[in-house]
Structure formats: C-alpha cells, structure tokens
Amino acid sequence: MRINQVISLSQFIADQQSKHPEATGDLSKIFRDIKFGAKIVNRDVRKAGLVDILGAHGTVNVQGEEVKKLDIIANEEFKSSLTLGGDCCAIISEEEEDIHHIETTLNQDSKYIIAMDPLDGSSNIDVNASIGTIFSVYQRISPVGGPVTMEDVLQKGSNQVAAGYIIYGSSTMIVFTTGQGVNAFTLDASIGDFLLSHPDIQIPKDGTIYSINDGNYDRFDQGVKNYLDYCRNSKIKKPYSARYIGSMVSDFHRNLLKGGIFMYPSTSDATEGKLRLMFESNPMAFVTEQAGGKATTGDGTRILDIEPTEIHQRNPVFMGSPDMVDKAESFIKVK
Ligand code: AHM
Ligand code: MG
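If you're wondering where the values come from, they're calculated on a predicted model, not measured in any experiment.

Trainee: Now, about the site of ligand 1: what can you tell me, with residues and values included?
Mentor: Of all residues adjacent to ligand 1, which total 17 residues, the nearest are Asp120, Gly121, Tyr244, Met248 and Tyr264. A distance of 2.6 Å separates an oxygen atom of ligand 1 from a polar backbone atom of Met248. Here Tyr264 contributes a side-chain N or O atom positioned 2.6 Å from an oxygen atom of ligand 1. Surface burial for ligand 1 is 86%, taken as the share of its 470 Å² of free accessible area covered by protein chains. Looking at the shell around ligand 1, the elements with two or more residues in it are strand 5 (112–120) and strand 13 (260–264). Here the shell around ligand 1 is built from residues that sort into five nonpolar, five polar and seven charged. Shared between two domains, the shell around ligand 1 takes at least three residues from each, and those domains are domain 1 (9–198) and domain 2 (209–334).

Trainee: Could you give me a rundown of the coordination of the magnesium ion (ligand 2), with the residues and numbers involved?
Mentor: The magnesium ion (ligand 2) binds to the protein through Glu94 (OE), Asp117 (OD), Asp120 (OD) and Glu280 (OE); the donor distances cover 1.9 to 2.7 Å. Counting the intervening residues between successive donors of the magnesium ion (ligand 2) yields the motif E-x22-D-x2-D-x159-E. Taken together, the residues span a long stretch of sequence, with Glu94 in the loop between strand 3 (88–93) and strand 4 (100–101) and Asp120 in strand 5 at a distance of 26 residues. Taken individually, Glu94 and Asp120 each receive the classification buried, so the pair is uniform in this respect.

Trainee: Explain unusual backbone geometry residue by residue, including any values.
Mentor: Here Asn128, not a glycine, exhibits a phi torsion of approximately 60°, which is positive. Structurally, Asn128 is set in the loop between strand 5 and strand 6 (131–139). For Asn128, a relative accessible area of 76% puts it in the exposed group. Here the phi dihedral of Asp200 falls at roughly 45°; this positive angle occurs in a residue that is not glycine. Tracing the chain through its elements places Asp200 in the loop between strand 10 (193–198) and strand 11 (209–211). Its relative accessible area of 46% is what places Asp200 among the partly exposed residues.

Trainee: Provide a residue-level description of the packing of aromatic side chains, including the pertinent values.
Mentor: Applying the stated criterion across every chain, the model contains 11 aromatic pairs. On the numbers, 6.2 Å between centres and 85° between planes, the contact of Phe12 with Phe176 is edge-to-face. Taken together, the positions of Phe12 in helix 1 (residues 9–18) and Phe176 in strand 8 (residues 172–177) put the pair 164 residues apart, joining distant regions of the chain. Accessibility expressed as a relative area gives 2% for Phe176, which makes it buried. Ring plane angle 85° and centroid distance 5.9 Å describe the contact between Tyr230 and Tyr240, whose orientation is recorded as edge-to-face.

Trainee: Any details on the layout of surface pockets? Residues and values, ideally.
Mentor: Estimates place the volume of the second largest pocket at around 290 Å³. Gln17, His20, Ala23, Leu27 and Tyr112 are, among the 17 residues lining the second largest pocket, the residues nearest its centre. Mapped by element, the contributors of at least two residues to the lining of the second largest pocket are helix 1 and helix 2 (26–46). Among the elements that take part in the lining of the second largest pocket, helix 2 stands out by supplying four residues, more than any other. Looking at the lining of the second largest pocket, its residues break down into six nonpolar, nine polar and two charged.

Trainee: Break down the state of the cysteines for me, with residues and values.
Mentor: Evaluated as defined, the whole model comprises zero disulfides. Cys88 takes part in no disulfide bond, and the closest cysteine sulfur to it belongs to Cys89, at a distance of 6.1 Å. Its relative accessible area of 0% is what places Cys88 among the buried residues. Overall, the relative accessible area of 5% leaves Cys89 in the buried class.

Trainee: Outline empty space enclosed by the protein, listing residues and values.
Mentor: This model, assessed by the stated rule, comprises one cavity of 30 Å³ or more. One number sums up the size of the largest cavity: a volume of about 40 Å³. The wall of the largest cavity is formed by Ile34, Phe78, Leu82, Ile114, Met116, Thr133 and Phe135. Elements represented by at least two residues in the lining of the largest cavity include exactly helix 3 (69–85), strand 5 and strand 6. For the lining of the largest cavity, the class distribution of residues is six nonpolar, one polar and no charged.

Thresholds applied
- Residues numbered from 1 in each chain as written.
- Chains lettered and ligands numbered in written order.
- Predicted model: local features only at pLDDT ≥ 70, side-chain atom pairs only at ≥ 80, totals over all residues.
- Heavy atoms only, no water.
- Near = heavy atom within 4 Å.
- Polar contact = N/O pair within 3.5 Å; in protein donor to acceptor, adjacent residues only side chain to side chain.
- Areas by Shrake-Rupley, 256 points an atom, 1.4 Å probe, with all protein chains shown as cover.
- Helix = DSSP H or I, 4+ residues; strand = E, 2+ residues; numbered from the N terminus.
- Nonpolar A, V, L, I, M, F, W, Y, C, P; charged D, E, K, R; others polar.
- Domains from an automatic or database assignment.
- Donors = N, O, S within 2.8 Å, 3.2 Å for Na, K, Ca; no water.
- Buried < 20%, exposed > 50% of the residue type's maximum accessible area, 1.4 Å probe, protein only.
- Phe/Tyr/Trp six-rings, centres within 6.5 Å; stacked < 30°, edge-to-face > 60°.
- 1 Å grid on protein atoms, 1.4 Å probe; cavity = no way out; pocket = protein on both sides within 12 Å on 5 of 7 lines; lining within 4 Å.
- Points joined across faces, edges and corners; volume = space filled by probe spheres on them.
- Disulfide = S-S within 2.5 Å.

Given below as structure tokens:
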C-alpha cells in the first residue's frame, strides 16, 4: 500500500514499463542512472557556496565559453553514473567536443545514447539562481556491440526515446517525457527520492509571459522586433509580462506551468542563435510538444524535424504556449 498515494519516480517508471511487455527494462535503468546523477549534482549545487566549487574553472569549453567548476563536476558526475549503470553506450555533452564512447564490458550490449547539457544556465551559478540539467535519450541505429557512429549520435529530435530536465531551484525537480505526456517529480530530501508532484503537465494554450534577452533587441530581425513591440503594447487584450533569468531550464519551466513563450532568436552577429540543437532545443521541444505546446525556429520549422549535421550546432528557438508561438511566427514570417 502506498502511503497517501505517493508515487516515486522508480515506481512510476516500473508502472510504465509494465504496460509494455516488450520493454527490456533498459530505459528504466537509464532513468535510474539519471536520477542518481541528479542527486549527486543536486548535493554539489546545494553546497556550492560552502566549498570551493563556485567560479570559473580557468578554461573555455568547445563553444569558446568560460567553464565553471560546477559544469565540469556535473559533466563528470553524470558520465560516471551512466557508465557505471551499464546501459548507455555513448554520451554527447555540451562540455565535450566529441562523442564520449563507453566501451566497458558492462556497457557493450547497451543501445542507448545520451545527449546532455550537464549544467545549463551556468552564468547563474555564482549568483545562487536556479540552474538545471537537460537530457535526451536516443537508441543507436548501428548494431549493438560495434562502435557508435556519428549517424547514431546525430539523429533528429523526433527520434528521441525520452527527454527532460532537472531543475535545481527552490526545490529540485525532474521533469520528463517518454512520449506519453509530461510528468514532474520533486525531490523529497528527507527520504532521498523523487516523488510525483505534477502529473500529466499541460502547458496553457495561451499565456501572457514572454521570455527573451531584451538586450539583443537591436540585433534581432525586424519581425522579432515587431513581435516584441506587440508584447509591450499596452493596448493588447491582456498585458504581457517580461520574465527572463537567463537560465533556459528555469525560464522554460515557469512558462510550461504558467503559460508563455521562451525565445532565443538569431541575431545579426549569431545567425543561428545561441542554443544548441542536441543539448537544449531538442529535449525542450520534445517536452513542449508532449505538454501540448509548440517548438519552432520561428519560421514555421518544427525543431524536432531538424536534421542535425554536427554535435554542437545551434538553432533559433521559439517554444511554449501554442497560441503564443503562432502569434510570434505571424510577425516573424512577415519580413
Ligand atoms: P549555457 O549552456 O552555457 O549555460 O548557456 C545556455 C544558457 C541558457 O540557459 C539561457 O537560456 C541562455 O544561455 C541565456 O543566454 P543569454 O545570457 O545570452 O541571454
Ligand atoms: Mg546550456
């Protein structure tokens, strides 16, 4: 008997698995490993101000950006958890230039590939604002046992088997989809487990929150500027609110629950925008669509349909409440 109908993440996954007699249980084990990694990273995030893991690492990552110590730590912790679990054959990470092959005896028969941004929103680390981990799960295309290829890794987002994020906020939550809706589990620190807190999340069809880095306004295309002018127009039916912390997981999560649009468009000096297709756009787009939302590049292109050509490629992002994304696109398409 479950006390007060509390459902743990492990129980939920086991229940889902039992509905699929053909399931091998390997995906459940991937979630076990992601959950374990999340708990370890959560521990380190929570004590970041007390020990020497804040601040810059002194190197830049493959994007040429400054690396924080916690980025490195989180990357190593998830890699370790997924390697020791034995059900993942390769990882691609925002913090790694190339494919990280896992070729231990334990992992040689595994079919799953993980794409992850181990610590997203890292500019927020030093100021104690919410940060997150973003992950995708794919099945390899080439036969199990052989070397993982670029084709295995560069799959379009619609091939994702599962995706989600962990938010290290005022509480720690894991929000994910396996293609059957979106559910969120909150970490109960007293028992050390994630409990179902937000079943079957549906994003509101419309909303009043727009999230964008307004400092880039002068470098946006005219269509994006026109949409932002519309959002600021006090004569529209509902006054809009601008909300932007600069941590995608946090900005996205708020809009998922309250209704809104999250945007990171291209700019005149970054024609593909900033966010990475494999590590940020695809997993969030899968969650968005599974919650009833819409995720595009702003010109009608569905993010999940983009054919990736390189591990670290970027793309413009417009995602959230479907009516808001449609409205934004109606401005952007009119150049
Ligand atoms: P990161 O992966 O290096 O942390 O960068 C991604 C982050 C996103 O979380 C956020 O939406 C975006 O960068 C904010 O960028 P900006 O500071 O340009 O607005
Ligand atoms: Mg990131």
